[in-house]
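These are the residues of each chain, in order.
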Amino acid sequence: MSHILARQPTTDPGWMRLSEPKPCILVLKLPWCLGRATVYRRPRAVDGRHTFRVLKAYKVYRTAYRLLECAVPSGEVFVIRSMEGAWSPITASGEPLARVMEIVDRASSSHGVIRLPGSRVDGDLGAGSGEVIAIRQKDNPLELVGLVSARPAPPSDDVCDLLLDAAPFIAWLVETAQPFEVVPKVRSGRRLAPVGGRAPRGLHQGEWMALPSLEVAAYLKSSKRIGGDFFDVIGIGENEAVVALGDVSGKGPQAALLAALGRTAFQATVREHDDPADILRAMNEILSPALERVQAFITVVTARLGGDPLTLAYASAGHAEPVLWHEGDERLELLPATGLPLGVSPGAGYGTVETALAPGSVIVFYSDGVTEAEDPDGKVLGLQGLSDMIHASHPARAVDQLGMIITGLDVHRRALPLRDDVAILLVRTAPSAIGERHIVPFVIPAEASALRILVDLARQEVLSSEAVPADQRAELADALATAIAELAANQVEHAYQGTAGRIQGRLSISDDRLEADMYDSGMEYIEAQVEPSEFDRQDPPLRGYGLKLVRSLVDECSYRRLSGTRNHWRLVRYFR
Amino acid sequence: MEIAISKSDSVKATITPRGRVDADSGPQLKLVLQDLAAEGVLLIVVDLQEVDFMDSSGLSALVSGLRALRERDGSLHLCRPQPQPLTALKLTMLDRVFPIFATPEEALDFDQPSLP
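All values derive from a computational prediction rather than experimental measurement.

What counts as what
Residues numbered from 1 in each chain as written. Chains lettered and ligands numbered in written order. Predicted model: local features only at pLDDT ≥ 70, side-chain atom pairs only at ≥ 80, totals over all residues. Helix = DSSP H or I, 4+ residues; strand = E, 2+ residues; numbered from the N terminus. Rg over C-alpha atoms; globule rule 2.2 N^0.38 Å. Buried ≥ 20, exposed ≤ 12 C-beta atoms within 10 Å, placed from the backbone. Pairing = 2+ DSSP bridges. Contact = placed C-beta atoms within 7 Å. Nonpolar A, V, L, I, M, F, W, Y, C, P; charged D, E, K, R; others polar. Axes fitted to C-alpha atoms, helices over the stretch in contact; angles between N-to-C directions. pLDDT = per-residue confidence, 0-100.

*Asks:* Just checking my understanding: could you explain the overall build of chain B for this structure?
*Replies:* When helices and strands are tallied, chain B shows four helices and six strands. A compact globule built from 116 residues should have a C-alpha radius of gyration of about 13 Å, and chain B, at 12 Å, falls within 12% of that. Projecting the C-alpha coordinates of chain B onto the three principal axes gives extents of approximately 30 × 30 × 25 Å. Per-residue burial over chain B gives 53% buried out of 116 residues.

Below, the structure is given as structure tokens:
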């Protein structure tokens, strides 16, 4: 079995993207302090301190890249810096940058927005007219940061406005980043290596990594063009990971910049601290001055997971309570905050709570945009909704469970747009008895028009399964598709009775059986309501064929009423 | 689901649903069958060749159409069912209620309902 970790994608197409990519050249003049933050203006040194300072300056550049990508989707980000009297370009892609001096000349001699009509930066980087925006005018700017987009058209006014709005925060970030420049200790966090390019279902393409006993999957989507949620996953040793998920107060460019800063602070502190509470304490010290300046705060939860025996140690700075789902007794445990949000009190203390992780545990860290997502009637998803989806999807792989939660959020909101940012980080320990089962979770709205989704899913999974004998696939695919469609129709009609709701569950395929577990939150099933009367060929009944079909097509069909007004149907069909 | 309707004369019609006849589209099939019966059609052939999925809503629609036709001594025939709809008909014993033919022509030419 593979174990997978996800790290926040660096170019997430669903995150921080404007409505459409805007072709342009955008150049920001960075302030003098960035020049001072690097060693480029000093003789290069060979000792660890100077080398490290170069790396930290690179981190600042990377952060600036991310911030600029917040504003304008770009095929390329570049920095032009002054070194020993010459202008030297660096591009994020490593490709050469053309027409450097033209960019420098125009940016150096003008204030505010500067147009570069018809400029062409490089053959592969797009062409067309562009904009140059100076974020801070200094007499002798030494650093320029720019973007090149792929399409030939000028940027819209809102792009320019957004950049101008973001500019002071970029400058402020660069200044604030300087306290991170500390000499590293021997121990350092190790970022895990990518293991492959499998795009997870329902997720944006990210970087995937492995640990022996844990799976981690994560998702981030902003409700606006840019957002204030963030997460990160850093591997420590061979079988441990430190994760963080945070939510910045407010919205817009400021929140986005603070999120980038928060994530950078997390990465910096993990290098020096093992304990989640110590990580939060250090992050609070680093971030408090900046947060106080802009009257903002960050809720964040950080956790260390893994080891032998498997352990969860977490600390929460006022963050929405993560959920720990226990496989054994199907119980949900909330993980309460252990301190104040970052930025509220510079000397705030935090506690670490440690608990053993049993096989099959699921931990979900999330921002409040998940549980507070509203349906068209104003009803929130709530912890119960999140818990129901974890229950229904377990023990699927972490990435599939997460995909189901994301889909479930869409189903819950119907066509409503996101009102808040959504960040989810899901960790699963290896289940106790998953065997060789292939598990596919699903969630659909309780509507007749959505039943075809289940039919397609069942057919597709069975027909493509190598566990099912080839000569039986077609018949079994139809049998399973018919049975679950009938049950779902029963849930729509009798459990929900026309009211809004979700039908969720999982299909499982092993080497001798097909299984379907289906859950709803509707009224209790009473058999007499839908059972057919005595069959008369001369006068066949109009109704009552549904459950008759189900029971004819599967070997086991069971129903149980769960606590919390939920229903659980289970179907099993053997094929060997 | 799309439904094509072809009338060979004033009392015979062939309808050809395409796609799935399920909880979402079953009511549409039911309406078509009842409308044809109300127009005086006495024999309706439902050609299932292009129906790849039928659930109990589709079966109920067929029974509903049959009832409407029988009020005028009419009948409803099926032809060319694909495996999944045929299995559904057999498991619910409706294959003994609806005469099932290999071609639409045979279904149309067989004037009398063949209830065993």
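*Asks:* Is there a simple way to think about the pairing of strand β23 (residues 566-574) of chain A in this case?
*Replies:* For a regular strand, side-chain orientation follows a simple rule: the groups alternate between the two sheet faces. Residues and elements named next belong to chain A. Relative to β23, strand β21 (residues 513-520) runs antiparallel, the two sharing eight bridges. Residue Leu514 lies in a different strand from β23, and its bridge partner there is Arg573. A loop of three residues connects strand β22 (residues 556-562) with β23, the two strands running antiparallel in sequence, and Gly564 in this loop sits at a positive phi of about 75°.

*Asks:* Explain the interface of chain A and chain B here, please?
*Replies:* When the parts come together, some accessible area is lost, and that loss is often what is quoted as the size of the interface. If you look at the interface, chain A gives 22 residues, while chain B gives 22 residues. Going through the elements one at a time, α10 (451-463), α11 (473-496) and α12 (546-553) of chain A are the ones with two or more residues in the side of chain A that touches chain B. Here the side of chain A that touches chain B gets six residues from one element, more than from any other, and that element is α11 of chain A. In terms of residue class, the side of chain A that touches chain B is made up of 12 nonpolar, four polar and six charged.

*Asks:* Sorry, what's going on with the sheet that holds strand β12 (residues 298-306) of chain A here?
*Replies:* Within a sheet, neighbouring strands are paired by backbone hydrogen bonds and run either parallel or antiparallel to one another. All names here are of chain A. Within the open sheet, the five strands sit side by side as β10-β11-β12-β13-β16. Their pairing is antiparallel. Pairing within the sheet leaves two strands with one partner each, and these edge strands are β10 (229-236) and β16 (353-356). Averaged over neighbouring strand pairs, the angle between their axes works out to 15° when direction is ignored. Sheet topology note: the β12/strand β13 (residues 311-317) ladder contains seven bridges and is antiparallel. Directly across from Ala303, in β13, lies its bridge partner Tyr314.

*Asks:* What am I meant to see in the sheet that holds strand β15 (residues 331-334) of chain A here?
*Replies:* Residue and element names in this part refer to chain A. Pairing in this open sheet of five strands is antiparallel, and the strands run β9-β18-β17-β14-β15 from one edge to the other. Two strands in the sheet have a free side with no partner beyond their single neighbour: β9 (214-221) and β15. Direction aside, neighbouring strands of the sheet carry axes that sit 15° apart on average. Summarising the sheet, strand β17 (residues 362-366) and strand β18 (residues 422-429) pair through five bridges and their orientation is antiparallel.

*Asks:* I would appreciate a short explanation of the confidence of the model for chain B in the present structure.
*Replies:* Interpretation of this model should avoid reading the predicted coordinates in detail wherever pLDDT is low. On average, residues of chain B carry a pLDDT of 91, and 95% of them reach 70 or more. Predicted complex, confidence summary: ipTM 0.91, pTM 0.72.

*Asks:* Sorry, what's going on with unusual backbone geometry here?
*Replies:* Note on backbone geometry: most residues besides glycine have negative phi, and most peptide bonds are trans. The omega torsion of the bond from Asp308 of chain A to Pro309 of chain A falls at 5°, within 30 degrees of zero and hence cis. Relative to the helices and strands, Pro309 of chain A resides in the loop between β12 and β13. With omega at 5°, the peptide bond leading from His394 of chain A into Pro395 of chain A counts as cis. Counting through the fold element by element, Pro395 of chain A comes out in the loop between α8 (382-393) and α9 (398-413). Backbone geometry places Gln497 of chain A, a non-glycine residue, at a positive phi of 50°. A tally of 11 C-beta atoms within 10 Å means that Gln497 of chain A is categorised as exposed. Unlike most non-glycine residues, Asp73 of chain B shows phi in positive territory, near 60°.

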